[in-house]
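Tertiary structure, described
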Amino acid sequence: MDYDRQQVTCPQGQVSAGWHGPYPNSSPTAAPLVVARFTKSQCRPCPARTQWTTTADNARTVGFPPRELRDLQLRVRTEQQTHEWKTRYAVRSGVEGTVNEFAHGHGMRRCRYRGQGKARIQHILTAIAVNIERLSGLPPAEETPTPRRPTAFQYYLDQREIRRLKSWRTLGS
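Quick caveat: nothing in here was measured; it's all calculated off a predicted structure.

**What about the overall build of the protein chain?**
Each helix and strand counted, the protein chain has 6 helices and 3 strands in total. N-terminal to C-terminal, the α/β element order of the protein chain is β-β-α-α-β-α-α-α-α. Considering only intrachain contacts with a sequence separation of at least 6, the fraction spanning at least 24 residues in the protein chain is 43%. Summed over its atoms, the accessible surface of the protein chain is roughly 13,000 Å², and 54% of this surface lies on carbon and sulfur atoms.

**A word on the sheet that holds strand β1 (residues 18-23)**
Read from one edge of the open sheet, 3 strands run β1-β2-β3, paired in antiparallel fashion. Two strands in the sheet have a free side with no partner beyond their single neighbour: β1 and β3 (61-64). Recorded for the sheet is a direction-independent mean angle of 20° between the axes of neighbouring strands. Across 4 bridges, strand β2 (residues 33-37) lies against β3 in antiparallel orientation. In the sheet register, Arg 37 faces β3, and the bridge partner there is Thr 61.

**Focus on the side chain of Ser 93**
Tracing the backbone through its elements, the reader meets Ser 93 in helix α4 (residues 83-105). Engagement of the side chain of Ser 93 in a polar contact is seen with the backbone nitrogen of Phe 153, the distance being 3.0 Å. Setting aside anything within four residues of it in sequence, one finds Ser 93 in contact with Thr 151, Ala 152 and Phe 153.

**Structural notes on the packing of α4 against helix α6 (residues 152-159)**
One can describe the packing of α4 onto α6 by two numbers: an axis separation of 7 Å at closest approach and a directional angle of 115°. Judged by residue contacts, Ala 90, Val 91, Ser 93 and Gly 94 of α4 engage Ala 152, Phe 153 and Tyr 156 from α6.

**As for the packing of aromatic side chains**
The tally for this structure, following the rule as stated, stands at 5 aromatic pairs. Between the aromatic rings of Trp 19 and Phe 64, the centroid separation amounts to 5.1 Å while the plane-to-plane angle is 65°, which identifies the pairing as edge-to-face. A residue pair is termed long-range when its members are at least 10 positions apart, and Trp 19 in strand β1 and Phe 64 in strand β3 qualify at 45 residues. Across this residue pair, the class does not change: Trp 19 and Phe 64 are buried. Measuring from centroid to centroid gives 6.4 Å for Phe 153 and Tyr 156, while their planes differ by 20°, and the two rings are stacked. On the criterion of helical spacing, the pair formed by Phe 153 and Tyr 156 is a turn pair, its members being 3 residues apart in helix α6.

**Some details on the packing of α4 against helix α5 (residues 116-136)**
Two elements in contact, α4 and α5, have axes separated by 11 Å at closest approach and are oriented at 110°. As the angle between them shows, α4 and α5 are arranged roughly perpendicular. Between α4 and α5 lies a crossing whose hand is right-handed. Every residue of α5 that contacts α4 at Thr 98, Glu 101 and Phe 102 is listed here: His 123, Thr 126, Ala 127, Val 130, Glu 133 and Arg 134. Of the residues belonging to the contact of α4 with α5, the class tally is 3 nonpolar, 3 polar and 3 charged.

The rules behind these values
Residues numbered from 1 in each chain as written. Predicted model: local features only at pLDDT ≥ 70, side-chain atom pairs only at ≥ 80, totals over all residues. Heavy atoms only, no water. Helix = DSSP H or I, 4+ residues; strand = E, 2+ residues; numbered from the N terminus. Contact = heavy atoms within 4.5 Å. Areas by Shrake-Rupley, 256 points an atom, 1.4 Å probe, with all protein chains shown as cover. Pairing = 2+ DSSP bridges. Axes fitted to C-alpha atoms, helices over the stretch in contact; angles between N-to-C directions. Polar contact = N/O pair within 3.5 Å; in protein donor to acceptor, adjacent residues only side chain to side chain. Phe/Tyr/Trp six-rings, centres within 6.5 Å; stacked < 30°, edge-to-face > 60°. Buried < 20%, exposed > 50% of the residue type's maximum accessible area, 1.4 Å probe, protein only. Parallel < 35°, antiparallel > 145°, perpendicular 65-115°, else oblique. Left-handed = near helix turned anticlockwise from the far one by under 90°. Nonpolar A, V, L, I, M, F, W, Y, C, P; charged D, E, K, R; others polar.

Right under this line is the structure:
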């Protein structure tokens, strides 16, 4: 993608015929999109066409973020490969694992009662039950679901030889 010339070059060396946008997406939270189009005459004779497009007219349209968002995306992806970022994210993944257990393992996607007051009581009582279950060290009363792979946080604990509770319902210790 050459933002200065407003051109996209395909892997076979063809240069896009048009560049349009950025266009807003249908979702208010989605990023804007730049669209580049290759013509039928560029795509139809291409030997690698079936790898890149399945359209009936054999032309290719490519959508991608504007330069500012693309640069931000590349910078963030590079940062995510650093040890410091992975260490910080390990904590978040542990919290997300707990929320996931609460939602899926204990049915907290839906409230049994109407009204904020009753829903709050249900959440508090469920949290107490989860804590008692974790503290007791006993397996849950219901049939245990299939185990999932350990999260990054659980690997972090394993590396430091910190015991994981069985109520976390994962493979491993």
